[in-house]
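Examination of the molecular architecture
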Amino acid sequence: MPDGPAITADAVFWIASMTKAITSTAAMQLVEQGKLSLDRPIAEVLPELGSPQVLEGFDTAGEPKLRPARRPITLRHLITHTAGFGYGVFNADIGR
């Protein structure tokens with residue numbers, strides 16, 4: 001038998017590194033309820049993702065060469081980590 005207090009319905013847990021799993025579960029519940037779609041453009045819900053740019057390389061001055069994405073980002077892309085974002089890139093670019 002483990003040591004410590006018994007777990008109750010109002011027990012608090014530390015859930016480090018679980019935000020993706022919890023967010024994905026909540027998003028899938030909204031898909032089940034018909035409030036979100038896996039394959040519709042996510043810009044319908046998150047307008048800031050409405051004009052994604054793709055990095056094609058850098059010019060001779062070291063500046064990024066960008067082009068518009070060929071298709072919109074979807075919830076499926078976000079949940080499966082195939083939207084093309086790297087860590088730190090998404091948060092730094094919002095609001096630009």
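Residues numbered from 1 in each chain as written. Predicted model: local features only at pLDDT ≥ 70, side-chain atom pairs only at ≥ 80, totals over all residues. Heavy atoms only, no water.

**Notes on helix 1 (residues 19–32)**
Between its first and last C-alpha atoms helix 1 spans 20 Å; for 14 residues at 1.5 Å apiece the expected length is 20 Å, and the two agree. With its phi angle positive at about 80°, Gly34 sits one or two positions after the end of helix 1. (Helix = DSSP H or I, 4+ residues; strand = E, 2+ residues; numbered from the N terminus. Expected span 1.5 Å × (residues − 1).)

**Let's talk about the confidence of the model for the protein**
Per-chain confidence: the protein averages 87 in pLDDT, with 89% of residues scoring 70 or above. Confidence scores differ between elements of the protein, with helix 3 (residues 89–93) showing the lowest mean pLDDT of 50 and helix 2 (residues 75–79) the highest of 95. (pLDDT = per-residue confidence, 0-100.)

**Considering the nonpolar core**
Core analysis: the biggest nonpolar cluster contains six residues, these being Ala27, Leu38, Ile42, Leu49, Ile73 and Leu75. Once residues lying within four places of it in the same chain are set aside, the contact partners of Leu38 are Met28, Val31, Thr74, Leu75, Arg76 and Ile79. (Core = buried A, V, L, I, M, F, W, Y, C linked by side-chain atoms within 4.5 Å. Buried < 20%, exposed > 50% of the residue type's maximum accessible area, 1.4 Å probe, protein only. Contact = heavy atoms within 4.5 Å.)

**Topic: the pattern of salt bridges**
This structure, assessed with the given rule, holds three salt bridges. The salt bridge involving Glu44 is made with Arg40; its shortest N-O contact spans 2.4 Å. Relative accessible area serves as the criterion here: at 45%, Arg40 is assigned to the partly exposed category. Of the charged contacts, one joins Arg67 and Glu56 as a salt bridge, the two residues approaching to 2.9 Å between their closest N and O atoms. Residue Arg67 is located in strand 2 (residues 64–68), and its partner Glu56 is located in strand 1 (residues 53–58); the two are separated by 11 residues in the primary sequence. (Salt bridge = Lys/Arg side-chain N within 4 Å of Asp/Glu carboxyl O.)

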